[in-house]
Amino acid sequence: MGEEKFAAIVVGAGPAGSTAAYLLAKEGLDVLLIEKGAAPGSKNMFGGRMYSHALHKIIPGFWEEAPVERPVAREIITFLSGDRSVSMNCQDLNWVKPPYHSFTLLRAEFDAWLASKAEEAGAMLACGILVDDLLVENGKVVGIRAGEDEMFADVVIAADGVNSIIAQKAGLARMFSPHQVATGVKQVIKLSAEEISRRFQVEGENGAAQLFVGDCTRGMRGGGFLYTNKSTVSLGLVITASELQKARYKISELVEDFKQNPHVSPLIEGGEVVEYSAHLVPEAGLNMMPQLCGDGILVAGDAAGFVLNLGYIVRGMDFAVASGEAAAKTVLQARKNSNFSRQGLGLYEQLLKQSFVFRDLEAYRKAPGFMENRRMFTAYPQLATGLLSEVFTVDGTPPVHLLGKILSQVRENGVSLAQLAGDSWKGARIL
Amino acid sequence: MKRLSIEQLLGIDKFAVDDEQAHIVLNKEICAFCADKPCTFACPAGLYVWKDGEMSFDYAGCLECGTCRAVCPKEGAISWRYPRGGFGINFRYG
């Protein structure tokens, strides 16, 4: 490629980048969408589920053509403690009627599809190209350098993921600290579609999402997940990096232990592992957000830290899509005013603030701090499983009323009533 | 399900290894003075191994997550970048 000038260069063909490129190309702009992987999606991985609302707004009824796996009908949260487990299980069939609430999906296929939509709309997709650096003139980003090639644009959108080298090079982001990110590891396990439906008690093509708290992370801050795809399940763990830094557990071994857990193994019995993957999750959300724009540059998706983990809900892709949308709208406006300075791109933050992206991240801003409470991952799973087990046990010993059972479990697990009351109050307010 | 070793797990994955250029380079002299060596536990691919008083590292099985970069307590020990375009891990599911 010689010295070309584009209206916009988007770095990273994930959900944020491809959405931005799609919307800009649709307006007739010359857009270059650069992806370091050999194909879009080949470097991308997540737990397994996307909430539909954001993409449905951009591509109405996207599920008709997108390679989604299963619409999620059943949500399960499971506390693990030794021989005991307690699950909360909720099915709502409204979730699997259009517009579907959420879908499990696999990123290699899905991201390739979304990038192809951008390409169809007229964006130029260049795969297998790693952006090495930004081109800067008079303090303004004017393009990118990839190897020997230099490419110019009015604006660069950094949608290059959690490790966002581009935002760091632009001086917009600092290197994250280990308590701001979590390591996610996943195994994709092949099973027959019928067997998956049977094991998770879902009808037909419907799917389930299951989150695990307790033993699976050895008391470390984090949890386990399982998402049912069509004929595979995505199973893995997410553990805060600062916890891994201190603990002497190998995370790859912990996933194997998780698979052997007696409450998990029947779910995947007979399956065959077809992939092992790992990725970082920018869990601190707004608390790790970089500057969202500079002269000639915008930051979107994971690169901007747009992830929310509440323990019972994990979101990233819907924020990525919506931030890609906001970035595209901003570029269109900046183009009208021929002003791509930081000020000219200021609309981006305004749009995000008006959208669910900031509203939701702001509403749960204290959630990451709340999750630092170790009782969530040790004492409470023990307490919940111990209590429910007692409730269901008949063994000839004298009866104890519910209150007595609760109090004895609280005592046994080394939790004070004040802590329990405080954590419940905080949890109810923060989550 | 049978337990799988990390070698078996990585053996399932598809890599296009860049034989000419390592994307992660260690300054092993700094590693030698690191007390905790968290990379030897945290790396999901188990690529950092402390052996015979030296850090042994193989970039070939890297899943490109960036965990080592996050947990390394020693500035300058790990020089981290993504593999050259088209190289490295190729997720078929993801």
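**Re the overall build of chain B**
In terms of helices and strands, chain B carries four helices and six strands. Counted from the first residue to the last, chain B has its helices and strands arranged as α-β-β-α-α-β-β-α-β-β. Computed over C-alpha atoms, the radius of gyration of chain B comes to 14 Å, within 12% of the 12 Å expected from 2.2 N^0.38 for 94 residues, which places it in the range of a compact globule. Reported as C-alpha extents along the three principal axes, the dimensions of chain B are approximately 40 × 35 × 20 Å. By residue count, 41% of the 94 residues in chain B fall in the buried class. Sequence-distant contacts, at least 24 apart, represent 72% of the contacts inside chain B between residues at least 6 apart.

**A short note on the overall build of chain A**
When you go through chain A residue by residue, the secondary structure sums to 15 helices and 19 strands. The C-alpha atoms of chain A give 23 Å as radius of gyration, which agrees with the globular expectation for 431 residues (22 Å, within 12%). When its C-alpha atoms are laid out on the principal axes, chain A stretches across 85 × 45 × 40 Å. Residue burial in chain A is summarised as follows: out of 431 residues, 54% are buried.

**A few points about the confidence of the model for chain B**
Model confidence for chain B is summarised by a mean pLDDT of 96, while 100% of its residues fall at 70 or above. The ipTM value of the predicted complex is 0.98, and its pTM value is 0.96.

**Side note on the packing of helix 9 (residues 317–336) of chain A against helix 10 (residues 347–354) of chain A**
Residue and element names in this part refer to chain A. Put simply, helix 9 and helix 10 touch, their axes get as near as 9 Å, and they point 140° apart. Classed by the angle they form, the pair helix 9 and helix 10 counts as oblique. Remark: the crossing between helix 9 and helix 10 carries right-handed chirality. Here Ser-323, Ala-326, Ala-327, Lys-329, Thr-330 and Gln-333 of helix 9 come into contact with helix 10, specifically with Leu-347, Tyr-348, Leu-351 and Leu-352. Partitioned by chemical class, the residues of the contact of helix 9 with helix 10 number six nonpolar, three polar and one charged.

**With respect to unusual backbone geometry**
Glycine aside, negative phi is the norm for most residues, and most peptide bonds take the trans geometry. Residues and elements named next belong to chain A. Residue Pro-99 is reached from Pro-98 by a cis peptide bond, and omega for that bond is -5°. Residue position: Pro-99 is located in the loop between strand 5 (84–91) and strand 6 (102–104). If you check the backbone angles, Asn-138 has positive phi at about 50° while not being a glycine. As for its position among the elements, Asn-138 is in the loop between strand 8 (133–137) and strand 9 (140–146). You can call Asn-138 exposed: it has 6 C-beta atoms within 10 Å.

**Here's the deal with the interface of chain B and chain A**
Contact with chain B, which involves 32 residues of that partner, is made by 45 residues of chain A. Where the side of chain B that touches chain A is concerned, the elements lending two or more residues are helix 1 (6–12), helix 3 (39–42) and helix 4 (67–71) of chain B. The element contributing the most residues to the side of chain B that touches chain A is helix 1 of chain B, with four residues. Classifying every residue of the side of chain B that touches chain A gives 20 nonpolar, seven polar and five charged.

**Topic: the sheet that holds strand 12 (residues 207–214) of chain A**
Residue and element names in this part refer to chain A. Taken in spatial order, the seven strands of this open sheet run 5-4-12-13-14-11-15, and their pairing is mixed. Single-partner strands in this sheet number two, and they are strand 5 and strand 15 (272–281). Strand-to-strand twist in this sheet, taken as the mean axis angle between neighbours without regard to direction, amounts to 15°. Bridge count between strand 12 and strand 13 (residues 222–228): four bridges; the pairing is antiparallel. Across the sheet, the residue bridging to Phe-212 is Gly-224, located in strand 13. The strands touched by helix 7 (residues 251–260) within the sheet are strand 11 (182–190), strand 13 and strand 14 (232–240), with strand 14 carrying the most contacts at an inclination of about 130°.

**Some words on the domain arrangement of chain A**
Domain annotation of chain A identifies domain 1 (5–69 + 105–176 + 286–354), domain 2 (182–281) and domain 3 (370–430). For domain 1 of chain A versus domain 3 of chain A, the distance between C-alpha centres works out to 44 Å.

**Considering the packing of helix 13 (residues 379–392) of chain A against helix 14 (residues 402–412) of chain A**
Residue and element names in this part refer to chain A. Between helix 13 and helix 14, the shortest axis-to-axis distance is 9 Å and the interhelical angle comes to 145°. The handedness of the crossing between helix 13 and helix 14 comes out as right-handed. Residues Leu-383, Gly-386, Leu-387, Glu-390 and Val-391 of helix 13 form the contact with helix 14, whose participating residues are Lys-405, Ile-406, Gln-409, Val-410 and Glu-412. When the residues that make up the contact of helix 13 with helix 14 are grouped by side-chain class, the tally is five nonpolar, two polar and three charged.

**Considerations on the pairing of strand 13 of chain A**
Residue and element names in this part refer to chain A. Of all seven residues in strand 13, seven are buried, a share of seventy percent or more. Burial along strand 13 is two-sided: the face carrying Gly-222, Gly-224, Leu-226 and Thr-228 and the face carrying Gly-223, Phe-225 and Tyr-227 are both buried. Examined bridge by bridge, strand 13 and strand 14 share seven bridges and lie antiparallel to one another. For Gly-223, the partnering residue across the bridge sits in strand 14 and is Val-238. Hairpin connection, strand 13 to strand 14: the antiparallel pair is bridged by three residues.

**Side note on the environment of Met-289 of chain A**
Residues and elements named next belong to chain A. Counting through the fold element by element, Met-289 comes out in the loop between strand 15 and strand 16 (293–294). By C-beta crowding, Met-289 is classed as partly exposed, having 18 other C-beta atoms within 10 Å. Separated by 193 residues in sequence, Met-289 and Val-96 have C-alpha atoms that sit 33 Å apart. Beyond its immediate sequence surroundings of up to four residues, Met-289 is in contact with Ala-304 and Gly-305.

So, how was this worked out
- Residues numbered from 1 in each chain as written.
- Chains lettered and ligands numbered in written order.
- Predicted model: local features only at pLDDT ≥ 70, side-chain atom pairs only at ≥ 80, totals over all residues.
- Helix = DSSP H or I, 4+ residues; strand = E, 2+ residues; numbered from the N terminus.
- Rg over C-alpha atoms; globule rule 2.2 N^0.38 Å.
- Buried ≥ 20, exposed ≤ 12 C-beta atoms within 10 Å, placed from the backbone.
- Contact = placed C-beta atoms within 7 Å.
- pLDDT = per-residue confidence, 0-100.
- Axes fitted to C-alpha atoms, helices over the stretch in contact; angles between N-to-C directions.
- Parallel < 35°, antiparallel > 145°, perpendicular 65-115°, else oblique.
- Left-handed = near helix turned anticlockwise from the far one by under 90°.
- Nonpolar A, V, L, I, M, F, W, Y, C, P; charged D, E, K, R; others polar.
- Pairing = 2+ DSSP bridges.
- Domains from an automatic or database assignment.

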